[in-house]
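Here is what each chain is made of, one letter per residue.
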Amino acid sequence: MTDGKNNHGFRRGLTNYGDRDFSIYLRRSFASSMGYSREMLDKPIVGICHSASGFNNCHRHFPEMIDAVKRGVLAAGALPVEFPTISLGEVFLNPTSLKFRNLMSMDVEEMIRAQPMDSVVLLGGCDKTVPAQLMGAASADLPAVQLVAGPMSTGRHKGERLGACTDCRRFWARYRAGGVDREEIDVIEQRLASTAGTCAVMGTASTMASLAEALGMMPANSAAIPAVDADRLRIAEETGRLAVSLIGKDHLRPSMIMTAKAFENALRVLLALGGSTNAIIHLTAVAGRLGIPVDLHRLNELSDTTPVLVDLKPTGTGYMEDFHAAGGIPAVLRELQHLLHLDCVTVTGETLGDRIAQTADWVDRSIIKAFNEPVRENGGLVALFGNVAPRGAILKRSAADPALFEKQGRAVVFESLEDLAARIDDPALDVEPGDIMVLKNAGPNSPAAMPEAGYLPIPAKLAKAGVKDMVRISDARMSGTAYGTIVLHITPDAASGGPLSVVRNGDVLRISVKKREIELLVSAEELSRRLSQQGVVTPTPEARGYAKLYQQEILQADEGCDFGFLRG
Ligand code: FES
């Protein structure tokens, strides 16, 4: 096409100088300085929005993946233009990556809106990056397709397979209990994460990749391809082609794909995977951008009728590379199809039903079970409600000990993360295996910004005595790679004055998974007396910048920990 004949590519969203033709002339002139021919400058543009960073080990192969996406875009006749956004490398951020997810989502949204592109490939992977990209893309609502890093391959230690980061925790627990010495833990440290890609188990990154596929935002069977496999590059190339085919297709915008029915499908898949608790927060946040509520009572209804089908760590035995070889998400969708909304449209234009009909029917039953012979008869996650969590809390029952599902115990309370760190291994700590450990002030409104600290360590003296699990409750989150009888996301959180804030050492708590309850066993009068006596909690105001915005705008877990002004 020639000057003045199109409104795509570099002609979109012009910089405003008060003279449209001058804006086009100037932009083309500057774009030409990057060596583009006239022919290229006239093509539609596919943006490649990625989160490569020296502070993100999971994304270290992105340069190769971006090349493959570009190949696909060029072959399909458009111009690929990559652009970085901030990255969220899970273990490199203080206080926790969740604090910056909304910042990244704003970066993604605004750069998609502000820069000239006709469709966009979202390339992410590490835990918070895919949610941030889906949130941003939902808000920008330009045709978009998700591509992920793919999982790491496993390592080996003394004949055992190792995968970040369930095995990180397993060996660290052994080290704390005295079963592994310092020399060996140093060797293991080098072997836990040895390739590019996201954590090797069904943690948050793998769960979110799987849910992006279940939502219809990715090509079929692309969530679990290992990061180092040639198929990962082939799917990147295909994603580039797909992004070109999306140009001008308003009926395939994110808001048309990520519908209320699609989110219900994603919740079913989450439950069947025994996936990460974090995914509830992220799905709620993405859905919230489109004005779609995710109700924890509905989660419980779905959980009652959706079995766990996948035998992967942290709840089972396999790794993501096994899951891909076993049939991946298409095999899970096939088992669940009678429960899914098959008319949901996906980014390829097919319906979910079309996709399922086209998938091969081979499956490795050691990893992906048949619907009527599941790993567990009901879903991996369950929401609990009660006087200590009026707006809900989450338990990953597939990673918990069923012997602790109906449990009453004495509260051993830690007022904050600092208090926990200071006392958990104190030999004088008054704690018994039957107690319920409580962590406060680790929720979204706390200065800690809801870190993955809900996996409270078993106190050293009990760990050394062989105690492997205890009921632990908090307003924090937990890594998707962790396990244990751990109640998370208590809402409202303690820092916002929720009832958790008035639980005292020595109180009695009761959880009942059967009844979906979590209760502090004090009278309603006593609870309201305590709440009225604690007064208004006023955290020290943040002085400036993003921390100030976060403090002013952060919502609770049942609203996805998004910012109020970003929701649809
Ligand atoms: Fe990136 Fe686990 S650290 S996915």
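The rules behind the values
- Residues numbered from 1 in each chain as written.
- Predicted model: local features only at pLDDT ≥ 70, side-chain atom pairs only at ≥ 80, totals over all residues.
- Heavy atoms only, no water.
- Helix = DSSP H or I, 4+ residues; strand = E, 2+ residues; numbered from the N terminus.
- Rg over C-alpha atoms; globule rule 2.2 N^0.38 Å.
- Buried < 20%, exposed > 50% of the residue type's maximum accessible area, 1.4 Å probe, protein only.
- Contact = heavy atoms within 4.5 Å.
- Areas by Shrake-Rupley, 256 points an atom, 1.4 Å probe, with all protein chains shown as cover.
- Lys, Arg positive; Asp, Glu negative; His and termini not counted.
- Charge placed at Lys NZ, Arg CZ, Asp CG, Glu CD.
- 1 Å grid on protein atoms, 1.4 Å probe; cavity = no way out; pocket = protein on both sides within 12 Å on 5 of 7 lines; lining within 4 Å.
- Points joined across faces, edges and corners; volume = space filled by probe spheres on them.
- Nonpolar A, V, L, I, M, F, W, Y, C, P; charged D, E, K, R; others polar.
- Salt bridge = Lys/Arg side-chain N within 4 Å of Asp/Glu carboxyl O.
- Pairing = 2+ DSSP bridges.
- Right-handed = clockwise from strand over helix to strand, strands pointing away.
- Axes fitted to C-alpha atoms, helices over the stretch in contact; angles between N-to-C directions.
- Expected span 1.5 Å × (residues − 1).
- Parallel < 35°, antiparallel > 145°, perpendicular 65-115°, else oblique.
- Disulfide = S-S within 2.5 Å.

Caption draft 1: Representation of the overall build of the protein within the structure. For the protein, the count of helices and strands is 20 helices and 14 strands. Whereas a compact globule of 568 residues would reach a radius of gyration of roughly 24 Å, the protein reaches 24 Å, a difference of no more than 12%. If you line up the protein on its principal axes, its C-alpha atoms span 80 × 55 × 50 Å. Here the protein holds 568 residues, and 59% of them are scored as buried. Within the protein, contacts between residues separated by at least 24 positions form 75% of all contacts whose residues are at least 6 apart in sequence. Per element, the accessible surface of the protein, about 21500 Å² overall, is 52% carbon and sulfur. Between the centroid of the 61 positive side chains of the protein and the centroid of its 67 negative side chains there is a distance of 1 Å.

Caption draft 2: Structural context of the layout of surface pockets. By volume, the second largest pocket amounts to about 300 Å³. In terms of lining residues, the second largest pocket is bounded by 17 residues, among which Ala-220, Asn-221, Pro-330, Gln-358 and Thr-359 are the most central. Only α9 (230-245), α15 (328-336) and α16 (352-358) provide two or more residues apiece to the lining of the second largest pocket. Looking at which element gives the most residues to the lining of the second largest pocket, the answer is α15, with three residues. Split by residue class, the lining of the second largest pocket holds seven nonpolar, six polar and four charged.

Caption draft 3: Region of interest: the pattern of salt bridges. Counted under the stated rule, the structure contains 39 salt bridges. For Arg-28, the salt bridge identified is with Asp-42, shortest N-O distance 3.0 Å. You can see Arg-28 sitting in helix α1 (residues 20-32) and its partner Asp-42 sitting in the loop between α2 (38-41) and β1 (45-50), a full 14 residues away along the chain. Judged by relative accessible area, which is 8%, Arg-28 ranks as buried. With a shortest N-O distance of 3.2 Å, Lys-158 and Glu-184 are connected by a salt bridge. Within this pair, whereas Lys-158 is found in the loop between β5 (155-157) and β6 (160-162), its partner Glu-184 is found in helix α7 (residues 182-191), the two being separated by 26 residues in sequence. Taking relative accessible area as the criterion, Lys-158 reaches 68% and is therefore assigned exposed.

Caption draft 4: Examining the pairing of strand β3 (residues 119-124) more closely. Along β3, six of the six residues are buried, which leaves the element largely enclosed by surrounding structure. Judged by which residues are buried, β3 turns out to be covered on both faces: Ser-119, Val-121 and Leu-123 on one side and Val-120, Leu-122 and Gly-124 on the other are all buried. Sheet topology note: the β1/β3 ladder contains five bridges and is parallel. Bridged to Gly-47 within β3 is Val-120. In the classification by handedness, the crossover that spans β3, the intervening helix α5 (residues 129-140) and the parallel strand β4 (residues 144-148) is right-handed.

Caption draft 5: Local environment of the sheet that holds β3. Strands sit in the order β2-β1-β3-β4 across an open sheet of four strands; the sheet is parallel. A single partner strand is all that each edge strand has here, and the edge strands are β2 (79-84) and β4. Sheet twist, expressed as the average angle between the axes of neighbouring strands with direction ignored, equals 20°. With respect to the sheet, helix α4 (residues 98-114) is in contact with β1, β2 and β3, its orientation differing from that of β3 by roughly 155°.

Caption draft 6: Spotlight on helix α12 (residues 278-289). Helix length check: α12, at 12 residues, gives a terminal C-alpha distance of 17 Å against a target of 16 Å (1.5 Å per residue), a fit within 8%. Summarising burial for α12: 12 of the 12 residues are buried, a large majority. Just past α12, the residue Gly-291 takes up positive phi, approximately 75°.

Caption draft 7: A look at empty space enclosed by the protein. As enumerated under the stated definition, the model contains three cavities of 30 Å³ or more in all. Space inside the largest cavity adds up to approximately 50 Å³. In terms of lining, the largest cavity is formed by Glu-213, Ala-220, Pro-330, Leu-333, Arg-355, Ile-356 and Thr-359. For the lining of the largest cavity, the residue count by class is four nonpolar, one polar and two charged.

Caption draft 8: Highlighting the packing of helix α11 (residues 260-273) against α12. Running from N to C, α11 and α12 cross one another at 175°; their axes reach a closest spacing of 11 Å. When the interaxial angle is binned, α11 and α12 end up roughly antiparallel. Mapping the contact onto sequence places Phe-263, Ala-266, Leu-267 and Leu-270 in α11 and Ala-279, Ile-280, Leu-283, Val-286 and Ala-287 in α12. Residue composition of the contact of α11 with α12, grouped by class: nine nonpolar, no polar and no charged.

Caption draft 9: Structural detail: the state of the cysteines. Within the structure shown, the criterion is met by one disulfide. Here Cys-165 pairs with Cys-168 through a disulfide, and the sulfurs are 2.0 Å apart. Negative torsions about the S-S bond denote left-handed disulfides, and the value of about -95° found for Cys-165 with Cys-168 makes this one left-handed. We classify Cys-165 as partly exposed; its relative accessible area is 23%.

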